[in-house]
Amino acid sequence: MKPRIVRSGIVALAVAASLSACGQQAGSGSSGAAGVAPLAAGSGPDVPYSLGTFERNGQAMLGLVLRETQVVDIAQANAAFEAGNASAPKLAVPADMTALIAAYDTGWKERLAAIARAVPAEGAPAYAYQMDGLKALPPVRPAVILNAGGNYTEHSQGIAAQQARSGNAPAPIQKGVAAPGIWERKADDPRPENPYLFIKSPSVVAGAFDPIVMPRGRTNIDFECEFDAVIGKKAKYVPLDSAADYIFGYTIQIDVSDRGGRGDRKMGGSDWLIGKNHDTFGPLGPVIVPRQFLKDPLNTRHTFTLNGDVMQDSNTNRMDYNIYELVHYASNILTLNPGDIVSGGSPAGTNIERAEPRWMRAGDTAVCTIEGIGQQKHAVVAEGASTN
């Protein structure tokens, strides 16, 4: 079957319209709760949850994910909760995940926690669905995606080793100095270089189980299983010691990469547009885990398998610059907003480190798993004429 690729702008508009319609049908207050059984407030400790955007019967919905398998329609659950709790504040259902993130600290954090406590594992209401019966859409549509380059020690070492094997030994690294206004480097910092971020186009975002499409004529297609931070509020010149406060939560990205080059040495032969920005080269999700529910962002394992073979197995503790440092660095360059993505970069194991690379190709199955967040699984397919 030929993959169906839809322009991201059209998808985003359709998702927003669908979510808006859902919110109108199942919004807050008694009129929105018509036909929905009231949901009584629960008690006890917070119940961990994650958040996603899902499609059911052709309609997009914001979902609260419980116990990793149960997806609660937030609009319907909110209507039921307000019907069953007359004193609860009336909250307008956000149109999409970006709006939910922006509103999280103005009532929705408490509301989602209350819904999570109230929805039982057994005998769940009609607006709770099994996750495997829904289509996982990208959980958020970021306006900005920034990915770290060369940010895992062994990854950088592996690239250098392969270059040496190929007779292209890299030039000796000159220790970095401060970049005024962007990165203030301490005199005793042992790391040889400063953080490095590049832009990935939001138009290449795909769902966590959508096909990864091999671009026509391109054969050196690589994988990078990455740990991503989702920004929670406007961030500009964020102090390092408060960077964690600007992170809403965490998700998964496979930074699919074209290593085939541009065919010349213009600008040194480096071309991040070609290398990182073919359609479907930025799958996100399936969920975002709010930061309070991820045990330790600085010590989180992530793995990548290709057809069941382990190609990457690392931990965020191997980052040269941790996710907080990257958010701080990025915010010194441009303003980040709710829903934007900062990725920690790729661990070791990519094909540009291997003496005998195994590039992805049509027919493969690619799986990226991150501890405490979840898993992406993709069929790798050839590009068809209908995807133009």
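Scroll up to find the structure.
Everything quoted here is computed from the prediction, not taken from an experiment.

A.B. asks: Please clarify how the environment of Arg262 should be interpreted in this entry.
C.D. replies: Looking at where Arg262 falls in the secondary structure, it is placed in the loop between strand E13 (257–258) and helix H6 (272–276). Counting along the chain gives ten residues from Arg262 to Trp272, while the straight-line C-alpha distance between them is 9.9 Å. Side-chain polar atoms of Arg262 contact the side chain of Asp264, separated by 2.4 Å. Among the polar contacts listed, one links the side chain of Arg262 to the side chain of Asp271, at a separation of 2.7 Å.

A.B. asks: Looking at this model, I keep getting lost on the layout of surface pockets. Mind explaining?
C.D. replies: Where empty space is left can be seen by rolling a probe of water-molecule size over the atoms. Roughly 1,600 Å³ of internal volume is contained in the largest pocket. In terms of residues, the lining of the largest pocket owes the most to one element, helix H5 (residues 153–165), which gives eight residues.

A.B. asks: I keep staring at unusual backbone geometry and nothing clicks. Help me out?
C.D. replies: Glycine aside, residues mostly have negative phi angles, and peptide bonds mostly take the trans form. Going from Gly285 to Pro286, the amide bond is cis rather than trans, its omega being 15 degrees. Summarising the element assignment, Pro286 is placed in the loop between strand E14 (282–283) and strand E15 (289–290). The backbone of Asn57 shows a phi angle near 50 degrees, a positive value even though the residue is not glycine.

A.B. asks: Explain the packing of aromatic side chains here, please?
C.D. replies: Within a pair of aromatic rings, the relevant descriptors are the distance that separates the centres and the angle that separates the planes. Under the criterion given, the structure shown has eight aromatic pairs. Each ring, one from Phe198 and one from Trp272, has its centre 4.5 Å from the other, and the planes form 25 degrees; the classification is stacked. Note that Phe198 is positioned in strand E7 (residues 197–200) and Trp272 in helix H6, a separation of 74 residues in sequence. When the centroid spacing of 4.5 Å and the interplanar angle of 15 degrees are considered together, the rings of Phe223 and Phe304 count as stacked.

A.B. asks: Even after reading the chapter, I still don't get the side chain of Gln312, so can you show me in this structure?
C.D. replies: Inspection of the secondary structure puts Gln312 in strand E17 (residues 309–315). At a separation of 3.4 Å, a polar atom in the side chain of Gln312 contacts the main-chain carbonyl oxygen of Ala348. Setting aside residues up to four positions removed in sequence, Gln312 forms contacts with Phe223, Glu224, Cys225, His302, Thr303, Phe304, Ser346, Pro347, Ala348, Gly349 and Thr350.

A.B. asks: Honestly, the packing of helix H2 (residues 74–84) against helix H4 (residues 108–118) in this entry has me stumped. Any pointers?
C.D. replies: For any two helices packed against each other, one specifies the inter-axial angle together with the distance between the axes. Relative to each other, H2 and H4 sit at 85 degrees, their axes nearing to 10 Å. What the angle tells us is that H2 and H4 run roughly perpendicular. Residues Ile74, Ala77, Asn78, Phe81 and Glu82 of H2 lie in contact with H4, whose contacting residues are Trp108, Arg111, Leu112, Ala114 and Ile115. Residue composition of the contact of H2 with H4, by class: seven nonpolar, one polar and two charged.

A.B. asks: Looking at this structure, how should I read the sheet that holds strand E16 (residues 301–306)?
C.D. replies: Each strand in a sheet pairs with its neighbour through backbone hydrogen bonds, running either in the same direction (parallel) or in the opposite one (antiparallel). Spatially, the five strands line up as an open sheet ordered E9-E20-E19-E16-E17, and their pairing is mixed. Two strands bound the open sheet, and with one partner strand each, they are strand E9 (212–214) and E17. Averaged over neighbouring strand pairs, the angle between their axes works out to 15 degrees when direction is ignored. Where strand E19 (residues 365–370) and strand E20 (residues 374–382) come together, six bridges link them in antiparallel fashion. In the sheet register, Thr365 faces E20, and the bridge partner there is Ala379.

Conventions used here
- Residues numbered from 1 in each chain as written.
- Predicted model: local features only at pLDDT ≥ 70, side-chain atom pairs only at ≥ 80, totals over all residues.
- Heavy atoms only, no water.
- Helix = DSSP H or I, 4+ residues; strand = E, 2+ residues; numbered from the N terminus.
- Polar contact = N/O pair within 3.5 Å; in protein donor to acceptor, adjacent residues only side chain to side chain.
- 1 Å grid on protein atoms, 1.4 Å probe; cavity = no way out; pocket = protein on both sides within 12 Å on 5 of 7 lines; lining within 4 Å.
- Points joined across faces, edges and corners; volume = space filled by probe spheres on them.
- Phe/Tyr/Trp six-rings, centres within 6.5 Å; stacked < 30°, edge-to-face > 60°.
- Contact = heavy atoms within 4.5 Å.
- Axes fitted to C-alpha atoms, helices over the stretch in contact; angles between N-to-C directions.
- Parallel < 35°, antiparallel > 145°, perpendicular 65-115°, else oblique.
- Nonpolar A, V, L, I, M, F, W, Y, C, P; charged D, E, K, R; others polar.
- Pairing = 2+ DSSP bridges.

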